[in-house]
Amino acid sequence: MAACTSQQALISVKPRCASASFGPDRRAGSVRFVSATSCCPGSRKLGLVCASNSQSSVIEPAKLPSSPESGSNPKKSSEAALILIRHGESLWNEKNLFTGCVDVPLTPKGVNEAIEAGKRICNIPVDVIYTSSLIRAQMTAMLAMMQHRRKKVPIIVHKESERAHQWSQVYSEETKKQSIPVITAWQLNERMYGELQGLNKQETADLFGKEQVHEWRRSYDIPPPNGESLEMCAERAVSYFKEQIIPQLVSGKHVMIAAHGNSLRSIIMHLDKLTSQEVISLELSTGIPMLYIFKEGKFIRRGSPAGPSEAGVYAYTKINT
Ligand SMILES: O=C(O)[C@H](O)COP(=O)(O)O
């Protein structure tokens, strides 16, 4: 797939599909969004298909607000883009091992997924990037941004010590304008899987039983042995989102978050007001970006910007695991 070159971002606004609201589509027990048209190369439109069990329809495109730093729009934007990306496949995803907070890198397939994710969002403005403190999320963010049409340089903000902060200062305003700060936060890490970390998922199910392992992996408030439940993960991830990320969106900044299956599930649960029952069966694909528009204090889900060759890839789906 060629890198993105087009000049404008166009995002869907008005659904023509049967479910006209942007809340989760709970019909037929499924919550699904699927990409429709391509943003790159060539096409300037991002489309969205609301998928129900039997039919799907494309949503009208609309213009995305320009970046407040771009100079093209002197007024503060009242809309801001929020992109969520689960990292690409990691070496332990490939081996089917519980990973949690163990810091493993991407596989070549994961690298490719991150690049493809970047092509999908190459026209959507990004002013600030948040990642977890884990390398698989950081690799994903960096590789995705390499595809962006603005070609700004993502730069990790180091605040682990006064010296690290001082020594990484940039002294050119012009260079700063051509950069995107990347803020890393442990609060966005994958949920800590406790004593399951490093164990094979299938072998663990064989040993403890499928039901027990499913309960550890997908129940809302039952933690795996000495690990975090989704509820505990949500407590720190959603607090961070509210305290640090929402203020950026309120100020009109376009934000990308590269994080993990469970830290993102908890943020999506908050954004889409899912119940603890509904979040249980929410699954996120690796490397498929999801777009929200923040407008007048509300989050409007826009689904997954599309790659050119895909009939439809689900970023966000409810399945029975
Ligand atoms: O930490 C892990 O092993 C995975 O990233 C997520 O695991 P899950 O599919 O059990 O939530």
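Definitions and limits used
- Residues numbered from 1 in each chain as written.
- Predicted model: local features only at pLDDT ≥ 70, side-chain atom pairs only at ≥ 80, totals over all residues.
- Heavy atoms only, no water.
- UniProt positions renumbered as here; feature names shortened; annotations may be inferred.
- Buried < 20%, exposed > 50% of the residue type's maximum accessible area, 1.4 Å probe, protein only.
- Helix = DSSP H or I, 4+ residues; strand = E, 2+ residues; numbered from the N terminus.
- Pairing = 2+ DSSP bridges.
- Phe/Tyr/Trp six-rings, centres within 6.5 Å; stacked < 30°, edge-to-face > 60°.
- Lys NZ or Arg CZ within 6 Å of the ring centre and 35° of its normal.
- Core = buried A, V, L, I, M, F, W, Y, C linked by side-chain atoms within 4.5 Å.
- Contact = heavy atoms within 4.5 Å.
- Polar contact = N/O pair within 3.5 Å; in protein donor to acceptor, adjacent residues only side chain to side chain.
- Axes fitted to C-alpha atoms, helices over the stretch in contact; angles between N-to-C directions.
- Parallel < 35°, antiparallel > 145°, perpendicular 65-115°, else oblique.
- Left-handed = near helix turned anticlockwise from the far one by under 90°.
- Nonpolar A, V, L, I, M, F, W, Y, C, P; charged D, E, K, R; others polar.

Labelled according to an unreviewed UniProt entry, the protein chain appears under the name phosphoglycerate mutase (2,3-diphosphoglycerate-dependent), originating from Triticum turgidum subsp. durum. One UniProt comment on the protein chain, placed under Sequence similarities (unreviewed entry), says "Belongs to the phosphoglycerate mutase family. BPG-dependent PGAM subfamily."

*Asks:* Requested: an account of the pairing of strand S10 (residues 255-259), with residues and values cited.
*Replies:* Counting buried residues along S10, five of its five residues qualify, which places the element largely inside the surrounding structure. A two-sided burial pattern is seen for S10, the buried positions comprising Val 255, Ile 257 and Ala 259 on one face and Met 256 and Ala 258 on the other. Where strand S6 (residues 79-86) and S10 come together, five bridges link them in parallel fashion. Within the sheet, the bridge partner assigned to Leu 84 lies in S10 and is Ile 257. By the bridge criterion, four bridges tie strand S7 (residues 128-131) to S10 in an arrangement that is parallel.

*Asks:* Describe the packing of aromatic side chains, naming the residues involved and giving the relevant values.
*Replies:* In this structure the tally under the stated criterion is five aromatic pairs. When the ring of Phe 241 is compared with that of Phe 299, the centres are 5.8 Å apart and the planes differ by 45 degrees; the resulting orientation is tilted. With Phe 241 in helix H8 (residues 230-250) and Phe 299 in strand S13 (residues 298-303), this residue pair connects regions lying 58 residues apart in the sequence. Among the residues examined, Phe 299 registers a relative accessible area of 19% and is labelled buried. Taken together, the ring pairs in this structure connect Phe 241, Phe 294 and Phe 299 into an aromatic cluster. In this structure, Lys 201 is placed above the aromatic ring of Phe 98, and the distance from its NZ or CZ to the ring centre is 5.3 Å.

*Asks:* Account for the pairing of strand S12 (residues 290-295), naming residues and giving values.
*Replies:* Of all six residues in S12, five are buried; the element is thus mostly enclosed. Pairing between S6 and S12: six bridges, direction antiparallel. Across the sheet, Ala 81 pairs through a bridge with Ile 293, a residue of S12. Inspection of the sheet shows S12 paired to S13 by five bridges, in the antiparallel sense. When the bridges of S13 are listed, Ile 293 appears paired with Ile 300. If you look at the hairpin formed by S12 and S13, you'll find two residues sitting between the two strands, and Glu 296 has a positive phi there, around 45 degrees.

*Asks:* Report on the nonpolar core, specifying residues and quantitative values.
*Replies:* Counting 31 residues, the largest nonpolar core has Leu 82, Leu 84, Phe 241, Ile 257 and Phe 299 as its most contacted members. Every element with two or more residues in this core is listed here: S6, S7, H8, S10, helix H9 (261-271), strand S11 (282-284) and S12. The leading source of residues in this core is H8, at seven residues. Every residue in contact with Leu 82, bar those within four places of it in the chain, is listed here: Phe 241, Leu 249, Val 255, Ile 257, Leu 271, Met 290, Leu 291, Tyr 292 and Phe 299.

*Asks:* Summarise the environment of Arg 149; cite the residues concerned and give the values.
*Replies:* Mapped onto the elements, Arg 149 comes out in the loop between helix H3 (135-145) and strand S8 (153-156). Counting along the chain gives 27 residues from Arg 149 to Cys 122, while the straight-line C-alpha distance between them is 5.5 Å. Here the side chain of Arg 149 touches Asn 123 through a polar contact of 3.3 Å, side chain to side chain.

*Asks:* Before we move on, can you summarise the packing of helix H2 (residues 108-120) against H3 with the specific residues and values?
*Replies:* Orientation of H2 relative to H3, taken along the N-to-C sense of each, is 45 degrees, at an axis distance of 7 Å. Classed by the angle they form, the pair H2 and H3 counts as oblique. With respect to the hand of their crossing, H2 and H3 are arranged in right-handed fashion. Residues Val 111, Ala 114, Ile 115 and Gly 118 of H2 form the contact with H3, whose participating residues are Met 139, Thr 140, Leu 143 and Ala 144. Its residues placed into classes, the contact of H2 with H3 shows six nonpolar, two polar and no charged.

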